[in-house]
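Examination of the molecular architecture
Residues per chain are reported as follows:
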Amino acid sequence: MSRQNQTLGEFIIENQSSFKYTSGELSRLINSIRLAAKVVNHEVNKAGLVDIIGAAGDTNIQGEDQQKLDVYANDKFIQTLTNRNIVCGIASEEEDDFITINSQDENHQNKYVVLIDPLDGSSNIDVNVSVGTIFSIYRRVTPVGTPVTIKDFLQKGSQQVAAGYVVYGTSTMLVYTTGDGVNGFTLNPAIGTFYLSHPDMQFPEDGKIYSVNEGNYIHFPKGIKDYIKYCQMEEGDRPYTSRYIGSLVSDFHRNMIKGGIYMYPKSSKNSDGKLRLLYECNPMAFLAEQANGKASDGFTRIMDIMPTELHQRVPFICGSKNMVEKAEEFMRNAQ
Ligand code: AHM
Ligand code: MG
């Protein structure tokens, strides 16, 4: 079969054997994420109808309570993963603590934990700008047969077995990696099927786009300020183009296709930046590296950082390899 006609379901089955642990559990897990993504996509796409069919806190026509979309997305992903009995624990950006899942036989036999940002960039929903779901999957480190502990979630990004995102944009895409490159699937909404549309995605080594919230410039560290000035300088292929949607998944997705760098540095206001290591930075870093890009906090590889708490934040610089290395050089020189 031509790869272009391949559905996500077929792709998962075909690639299951290339994964080093071939129990099929990870495939079932990715299938569940695919299902939850379709449900959330349906809801996100009618967000503009909120004045017609009811806003959060209202009761809809069927007498059901309407939820805010980020709460809705959180519930859907957790429900889907829990009901199908394929993970032993879930941590979500929307929850204070991790959730322990008892397997049907109460024996905690499942091996994987999922960390998820169910609807990233949700402040963009009201203005019809793309949002996304980000997920990250690890094998548990505590023994199977016991309840999960915080140790299962506080693992370095380099231990991830899979990661990906769904972008609810002009079209809805699911992009993921299991450590063997990055593949992107586009949803055909008429029939509810994801098709392989972007096989083997790669960041160009160089790019001409920089994405950063320049409104915070005054608060940035010197290295970042210097790098931004470098991007704006007239020399060689510069000045670069500035593009910032304010929705990490969309900014990352565009930069991966066109070549670019995304930065959310620390600032004098937020000493660790804004983005969460476990729910946002590690999964994006895994995708970036699998697509020949790079992700750093300015000095250290993101996936080498040992997390100390679930909702930890880190400065994040990610994208085309040469651009990230240049930004790191400016950070070092400003020390
Ligand atoms: P969220 O998890 O509260 O949605 O915040 C994450 C989002 C990212 O998608 C985006 O890149 C960033 O926050 C934008 O922040 P800012 O508005 O400070 O530039
Ligand atoms: Mg987020």
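Procedures and definitions
Residues take numbers from 1 onward in each chain, read along the sequence in its written order. Note on labels: chains are lettered from A, ligands numbered from 1, in written order. Local features are withheld for residues below a pLDDT of 70 in this predicted model, meaning they are given only at 70 or higher, and side-chain atom pairs are given and counted only at 80 or more; totals for whole chains, interfaces and linings count all residues. To get the side-chain values, all heavy atoms of the structure are used, and hydrogens and water are removed first. The criterion for a residue being near a molecule or strand is simple. One of its heavy atoms has to lie within 4 Å of it. Pairs of N or O atoms within 3.5 Å make up the polar contacts considered here, provided that, within protein, one atom can donate a hydrogen while the other can accept it, and that residues adjacent in sequence are counted only when both atoms are side-chain atoms. Residue burial considers only the protein chains on display, and all accessible areas are found by Shrake-Rupley using a 1.4 Å probe. Points on a 1 Å grid, built from protein atoms alone, make a cavity when a 1.4 Å probe fits but cannot get out and make a pocket when they are open with protein on both sides within 12 Å along at least 5 of 7 lines; residues with an atom within 4 Å of a point are the lining residues. Pocket occupancy is defined atom-wise: a molecule lies in a cavity or pocket when more than half of its atoms are within 2 Å of its grid points. A helix here means a DSSP run of H or I that spans at least four residues, while a strand means a run of E at least two residues long, and both kinds are numbered starting from the N terminus. In this classification, Asp, Glu, Lys and Arg are treated as charged, Ala, Val, Leu, Ile, Met, Phe, Trp, Tyr, Cys and Pro as nonpolar, and every other residue, Gly included, as polar. Domain extents, as shown, originate in an automatic or database domain assignment. Note that water is not among the atoms considered, so a metal site may appear incomplete; the donors listed are N, O and S atoms within 2.8 Å of the metal, with 3.2 Å applied to Na, K and Ca. Under the scheme applied here, a residue whose accessible area is under 20% of the maximum for its type counts as buried, over 50% as exposed, and between as partly exposed, the area being computed with a 1.4 Å probe on protein chains only. In this description, strands pair whenever DSSP reports at least two bridges between them. We call two residues in contact when some of their heavy atoms are within 4.5 Å. Fitting a line to C-alpha atoms yields each axis, with helices limited to the stretch in contact; the angle taken between N-to-C directions then spans 0 to 180 degrees. Grid points are joined across faces, edges and corners, and a volume is the space filled by probe spheres set on the points. Only rings of Phe, Tyr and Trp enter the pairing, Trp through its six-membered ring, and a pair is recorded when the two centres are within 6.5 Å. The plane angle decides the type: under 30 degrees is stacked, over 60 is edge-to-face, the rest tilted. By definition here, charges over rings are those cases where NZ of Lys or CZ of Arg is within 6 Å of the ring centre and within 35 degrees of the ring normal.

With that settled, consider the site of ligand 1. Around ligand 1 lies a shell of 15 residues, among which Asp120, Tyr244, Leu248, Tyr262 and Tyr264 are the nearest. Measuring from an oxygen atom of ligand 1, one finds a backbone N or O atom of glycine 121 at 2.7 Å. Side-chain polar atom of lysine 274 to an oxygen atom of ligand 1: 2.8 Å apart, as the coordinates give it. When ligand 1 is considered free in solution it has 470 Å² of accessible area, and contact with the protein chains removes 77% of it. Of the pockets mapped on this structure, ligand 1 occupies the second largest pocket. Among the elements of the structure, β3 (112-120) and β11 (260-264) are those that each provide at least two residues to the shell around ligand 1. Class assignment for the residues of the shell around ligand 1 results in five nonpolar, five polar and five charged. Each of two domains, domain 1 (8-198) and domain 2 (209-333), supplies a minimum of three residues to the shell around ligand 1.

Donor atoms from the polypeptide that coordinate the magnesium ion (ligand 2) comprise Glu93 (OE), Asp117 (OD), Asp120 (OD) and Glu280 (OE), at 1.9 to 2.7 Å from the metal. All donor residues of the magnesium ion (ligand 2) come from one chain, and their arrangement in sequence is E-x23-D-x2-D-x159-E. Of this pair, aspartate 120 sits in strand β3 while glutamate 280 sits in helix α7 (residues 277-290), placing them 160 residues apart in sequence. The buried category is assigned to glutamate 280, whose relative accessible area is 4%.

Attention now moves to unusual backbone geometry. The amide bond that connects arginine 238 to the next residue, proline 239, takes the cis arrangement and shows omega of 5 degrees. Within the secondary structure, proline 239 is located in the loop between α5 (222-232) and β10 (241-242). With phi around 55 degrees, asparagine 85 is a residue other than glycine that occupies positive phi space. Given the relative accessible area of 17%, asparagine 85 is considered buried. At asparagine 292, a residue that is not glycine, the phi angle is positive and equals roughly 70 degrees. Structurally, the position occupied by asparagine 292 is in the loop between α7 and β12 (293-296). For asparagine 292, a relative accessible area of 25% corresponds to the partly exposed category.

The strand order β10-β9-β11-β13-β12 describes an open sheet built from five strands, whose pairing is mixed. Unpaired on one side and paired on the other, β10 and β12 mark the two borders of the sheet. Bridge count for β12 against strand β13 (residues 316-320) is four bridges, and the pairing is antiparallel. Of the residues in β13, the one forming a bridge with glycine 293 is serine 320. Along the sheet, helix α8 (residues 321-333) contacts β9 (209-211), β11, β12 and β13; its crossing angle with β13, the most-contacted strand, is approximately 145 degrees.

What follows covers the layout of surface pockets. If you add up the space inside the second largest pocket, you get close to 360 Å³. Around the second largest pocket, the lining comprises 21 residues; the ones closest to its centre are Asp120, Gly121, Lys274, Leu275 and Glu280. Broken down by secondary-structure element, the contributors of at least two residues to the lining of the second largest pocket are β3 and β11. When residues in the lining of the second largest pocket are grouped by element, the largest group, three residues, is from β3. Residue classes in the lining of the second largest pocket are distributed as six nonpolar, six polar and nine charged. The residue makeup of the lining of the second largest pocket includes at least three contributed by each of domain 1 (8-198) and domain 2 (209-333).

This brings us to the packing of aromatic side chains. Summed over the entire model, instances satisfying the criterion amount to eleven aromatic pairs. Considering the side-chain rings of tyrosine 176 and phenylalanine 185, the 6.0 Å spacing of their centres and the 25 degrees angle between planes classify their relative orientation as stacked. Here phenylalanine 203 and phenylalanine 252 contribute two aromatic rings whose centre-to-centre distance is 5.4 Å and whose plane-to-plane angle is 90 degrees, an arrangement assigned as edge-to-face. Of the two residues, phenylalanine 203 sits in the loop between β8 (193-198) and β9 while phenylalanine 252 sits in helix α6 (residues 248-258), which places them 49 residues apart along the sequence. Residues phenylalanine 203 and phenylalanine 252 agree in their burial class; the two are buried. Taken together, the aromatic side chains of Phe11, Tyr176 and Phe185 make up a single cluster linked through ring pairs. If you follow arginine 238 out to its NZ or CZ, it ends over the ring of tyrosine 230, 3.7 Å from the centre.

Moving on to the sheet that holds strand β2 (residues 99-100). The strand order across the open sheet formed by eight strands is β2-β1-β3-β4-β5-β6-β7-β8, and the pairing between neighbours is mixed. Either end of the sheet is taken by a strand with one partner, and the two such strands are β2 and β8. The sheet contact formed by strand β7 (residues 182-188) and β8 spans five bridges and is antiparallel. Pairing of asparagine 188 across the sheet is with threonine 193, part of β8. Against the sheet, helix α1 (residues 8-15) makes contact with β6 (172-177), β7 and β8, and its axis sits at roughly 10 degrees relative to β6, the strand it touches most. Against the sheet, helix α4 (residues 69-83) makes contact with β1 (89-92), β2, β3, β4 (131-139) and β5 (162-168), and its axis sits at roughly 160 degrees relative to β3, the strand it touches most.

Purely geometric stuff here, so don't read any function into it on its own.
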